[in-house]
Amino acid sequence: MFRYKYEEFFNLHSLQKSLIDHFHLCTHTRYCDNWLFLFIVTMRKRPQVASASSSSEAKTKASDEEIETTTENDNAYVRSAKRSGFVWMIAFLAAMYSVWGVYYYQYQNLPPPLTAEQAGKRGFSEIEAMKHVKALTELGPHPVGSDVLDQAVQYVLIASEDIKKTSHWEVDVEVDFFHSKSGANRLVSGVFKGRTLVYSDLSHIVVRILPKYVSEAGENAILVSSHIDTVFSAEGAGDCSSCVAVMLELARGISQWAHGFKNAVIFLFNTGEEEGLNGAHSFVTQHPWSSTVRLAIDLEAMGIGGKSGIFQAGPDPWALENFALVAKYPSGQITAQDLFSSGAITSTTDFQIYKEVAGLSGLDFAYTDNSAVYHTKNDKLDLIQPGSLQHLGENMLAFLLRIGPSSHLPRSNVVEEEGKTDHEAVIFFDILGTYMVLYRQHFANMLHNSVILQSLLIWTTSLLMGGYPAAVSLALSCLSAILTLIFSVSFSAAVAFILPLISSSPVPYVASPWLAVGLFAAPALLGALTGQHLGYIALKRYLANLYSKRKQLSPVIQAEVIKLEAERWLFKAGFVQWLILLLLGNYYKIGSSYVALVWLAPPAFAYGLLEATLTPVRLPRPLKLATLLIGLAVPILISAGSFIRLAGIIVAIVVRLDRNPGGTPEWLGSVILAIFIAVVISLTLVYLLSYVHLSGAKRPTVLATCVLFGLSIVLVLSGTVPPFSEDTARAVNVVHIVDATGRFGGKSEPSSYVALFSTTPGKLTKEVEQIKEGFECSRKNVIDFVTFSMEYGCLTYDDTESGWSQSDIPTIHVHSDAKVDERITRVSIDLKGSIRWVLAINAEEIEDFTFKEAEESEELVPVGDKTSLDGWRIIQYSGGKNAPTKFDMTLIWTKNSTRSGRNVDGQKDEQHLLLKLRTDFNRLTPKAEKIMSKLPPWCAVFGKSTSPQTLSFLNSLPVNF
């Protein structure tokens, strides 16, 4: 216990002088503390003359007691410059527990599944819906063109007819088996930009429910859409049998309610979505009911189970506003929409067709739990969490019951240019999956501008009052925030770079995402602590130098005051970093800017309420724990769950990160995850970390993070926690390839081999050792699959001559090649029975082209409006079993083509191609089947619209044919 008497500090006259000096200093620094009060007390304690009255002596005695008490209180403040390390650790653990609790409640807390009896005739029953999921998944994978898809369509048709039979007597239920003719689709954005998507022979089930006695209902419809088809590699329990099941159960419920509606509800069960959104496009462009649709709702899955949330909305916010009013378990984040529209998530849904082609507004829902199983064998019934379908079903039922009787459906069906809309954007996010906050962009502008202007005003006033010392202190505190970010990212990213060198897999956390906490979050926290500690030291040195010029304080008190001031500056640095992010987000109209707002305003309010003072009398005190708790409560409540969710989605995306297998650095996925985690930690822990410097918790914190990191590394290196599991597998492809590239004119024999490659980063050494079968892995095994290139993979040529024949190889035949005003070449293509293929046309040589079926006069792809992708114009085709397999093309050459198709020696350059063609068959050759049977349990075949099926043929046409 320090206990200083007033006389022990200074003599009377020197104290008065130093206090006057310090008063001038404090008016420039705003850190006057209690010195003004001490100055007043000093004046009252000047020496008493001998002739002083007894009353004066009494006053002097009282003044002595007051001074001693005041000084004792000031010393108590100084002594409390050390905070309990135990208290800080408890605060840190409480914050982490709160973060996890928010995430769990927001994303994992699902409603109980209801039986048919519990739901009632008009309610939604997950138990009944799961019967549909079970029936569809038992059929196995049902891709476009398969017999199994026909069975799945028939199942939906029968279920729809049953709904019609049990509907309310005042409700009409119309069931239409819609068979679409050939069509072509060219999207202006998204993953299919630059491609022409052609389809044929697709079958859909369309169910329209409307009141019998409301004549205008048939002219105004609400569309609810999802797809029946799956990729060839998955049975599709999540994507999207769960969506189909929800729609069937919704249709049953709506058929009991629709007599009170003013609008029809159309349920579209389409096929062809997995091959390029073809089902939605064929409905929008060919079905007569499509012209009545005013609002579109798409149900999708990019994982399996969990909460289905809104990840796209608009352009008209009417649907979103009504959903927010009535949804029982609202779930949706504009952050997901921002990421999706930016291209950071490379995927798309039917909602793009409804927006771009039909000009509709609406909502797009998606399941995103267990995203690592997307399009693999593990998209299975067992992984659907109980309550997942109940969550979506109850939300959708309440929403349809609200908008069904409405007379105010959006009526703007004008297709707008990419990125332009007449509708005002809306910011939306849910809180704990219980409430949805929603406000329009103009209100966001006012709110953000208000906070920004007030913040700038406060900081400007503070700097003007504090002068140069305050400006330098602010700059050093900002430097501390920058160092925190730099060191956090550096430490975490360094681990990500090292992992491929020391681990059997560059992504060892896929099957156990919690490993990312030890591998990346621990180094990120250590780096953040290091960076802020360096900033803290720099700030203390400056403040010490500042106070040393005014020797009014004893060394002990001066040291403690400096620590207290430095702590406050570090806390306020958090305001600056979030203010900058808010400024940037507001300028670029980024909807996710609300995150910066909630991390700026509540902590600033708590600080102003509990810490700031308008009087310069008080000594700086340690920051109150209540300031931290009150300041972080709202930010954690609103955004913590979303941060964890995004980290989980990044982990899942890593499984299919390498779109050109081997073309992406092995460390890239881990670096992306590490940087995301580090940025979140450095930005959000800035307030909490500022409290650690006055506590004894630095060393325990460093030790704990090092132990956590070391333990995680040990688990990875020892193989105790494998990178993949049977339920969360590595995405691979096994393709038997017959390569006739460069064989135009039948001059050489095609080569046959089986390729093994993976979209998950990492070598295939371990997999090949288990499979054997003569595979050789190399980066020299480059294969051009037209839609992508295999830069690293494993090939085997052993026993690959069976399971296919010469008659399966597609042919490209040049009918004519003439030049009058322009050079025009007519080509015919025979796909030899393939109903799934892709063709690339050299955009440097071919300016335009037309494309049509061989026996039809109507052009599927007319002249004009072509785009290219990496120098190639892509046609991607998918159709049903009866789709045509012969086509004619007219190629219009560029007028200024400089290439002749010859190399530098004047010889024909067979590598300079005019056309590239790949045809696919969902058929296993004996060799491919043998390899598939030997795939390790931690591997799963991955399918997507651009990837080949199990048997592919490659052919081409050189420029100099």
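Keep in mind it's a predicted model, so treat the numbers as computed, not measured. (Residues numbered from 1 in each chain as written. Predicted model: local features only at pLDDT ≥ 70, side-chain atom pairs only at ≥ 80, totals over all residues. Heavy atoms only, no water.)

## Here's the deal with helix α8 (residues 147-166)
Working step 1: If you check α8, its first and last C-alpha atoms are 30 Å apart, about what 20 residues at 1.5 Å a residue would give, namely 28 Å.
Working step 2: Where α8 is buried, its residues contact α7 (126-137), β1 (171-180), β4 (202-211), α9 (237-254) and β6 (264-270). (Helix = DSSP H or I, 4+ residues; strand = E, 2+ residues; numbered from the N terminus. Expected span 1.5 Å × (residues − 1). Contact = heavy atoms within 4.5 Å.)

## Describing unusual backbone geometry
Working step 1: Cis geometry marks the peptide bond from D239 to C240, where omega comes out at 0°.
Working step 2: Tracing the sequence through the fold places C240 in helix α9.
Working step 3: Residue P315 is reached from G314 by a cis peptide bond, and omega for that bond is 0°.
Working step 4: Phi angles above zero are rare outside glycine, and L432 is one such case at about 60°.
Working step 5: The residue L432 is located in the loop between β10 (426-431) and β11 (435-440) in this model.
Working step 6: Classification of L432 by relative accessible area gives partly exposed; the value is 21%.
Working step 7: A positive phi is found at V786, a non-glycine position, where the angle reads about 75°. (Buried < 20%, exposed > 50% of the residue type's maximum accessible area, 1.4 Å probe, protein only.)

## Overview of the nonpolar core
Working step 1: F267, F269, L299, F520 and L756 are the most contacted members of the largest nonpolar core, which has 179 residues in total.
Working step 2: With 15 residues, the top contributor of residues to this core is helix α16 (residues 515-548).
Working step 3: Counting residues in each nonpolar core, the second largest holds 27 residues, with V827, W837, V861 and M889 among its members. (Core = buried A, V, L, I, M, F, W, Y, C linked by side-chain atoms within 4.5 Å.)

## Observations regarding the state of the cysteines
Working step 1: Counted under the stated rule, the structure contains two disulfides.
Working step 2: Two residues share a disulfide in this structure: C240 and C243, whose sulfurs sit 2.0 Å from each other. Residues C240 and C243 are joined by a disulfide whose S-S torsion is about -50°; by sign, that bridge is left-handed. With a gap of three residues between them, C240 and C243 both fall in helix α9, about one helical turn apart. For the residue pair C240 and C243, the accessibility class agrees, reading buried in each case. (Disulfide = S-S within 2.5 Å.)

## Here's the deal with the UniProt feature "transmembrane region" (unreviewed entry) in the protein
Working step 1: Residues given the UniProt feature "transmembrane region" (unreviewed entry) here are residues 86-105, 456-476, 483-502, 514-539, 626-655, 667-689 and 701-721.
Working step 2: From the first C-alpha to the last, residues 667-689 spans 29 Å; its make-up is 91% helix and 0% strand.
Working step 3: As annotated, residues 701-721 has a helix share of 86% and a strand share of 0%, and its two end C-alpha atoms lie 25 Å apart. (UniProt positions renumbered as here; feature names shortened; annotations may be inferred.)

## So, a nonpolar patch on the surface
Working step 1: Taken together, F497, I498, L501, I502, W667 and L717 make up a surface patch of nonpolar side chains, about 590 Å² in accessible area.
Working step 2: Top element by residues in the nonpolar patch is helix α15 (residues 441-502). It accounts for four residues.
Working step 3: Relative to the helices and strands, L501 resides in helix α15. (Patch = residues over 30% accessible without salt bridge, like charges linked within 9 Å, V, L, I, M, F, W, Y side chains within 5 Å. Areas by Shrake-Rupley, 256 points an atom, 1.4 Å probe, with all protein chains shown as cover. Salt bridge = Lys/Arg side-chain N within 4 Å of Asp/Glu carboxyl O.)

## Concerning the sheet that holds strand β21 (residues 846-853)
The strands that make up a sheet are held in pairs by hydrogen bonds between backbone atoms, and each pair lies either parallel or antiparallel.
Working step 1: Strand order in the open sheet formed by five strands is β18-β19-β24-β21-β22, with antiparallel pairing between adjacent strands. Edge positions in the sheet fall to β18 (811-819) and β22 (859-861), since each has one partner strand and no second. Here the average twist between neighbouring strands, direction ignored, is 25°. (Pairing = 2+ DSSP bridges. Axes fitted to C-alpha atoms, helices over the stretch in contact; angles between N-to-C directions.)

## Notes on the environment of A496
Working step 1: With respect to the element layout, A496 can be found in helix α15.
Working step 2: The sequence separation of A496 and V507 amounts to 11 residues, and the corresponding C-alpha distance is 8.8 Å.

## With respect to the packing of aromatic side chains
Working step 1: For the structure on display, the rule yields 31 aromatic pairs.
Working step 2: Taking 5.7 Å as the distance between ring centres and 20° as the angle between the ring planes, the aromatic pair formed by F571 and Y607 counts as stacked. Taken together, the positions of F571 in helix α17 (residues 555-587) and Y607 in helix α18 (residues 594-610) put the pair 36 residues apart, joining distant regions of the chain.
Working step 3: Measuring from centroid to centroid gives 5.8 Å for W578 and W599, while their planes differ by 15°, and the two rings are stacked. (Phe/Tyr/Trp six-rings, centres within 6.5 Å; stacked < 30°, edge-to-face > 60°.)

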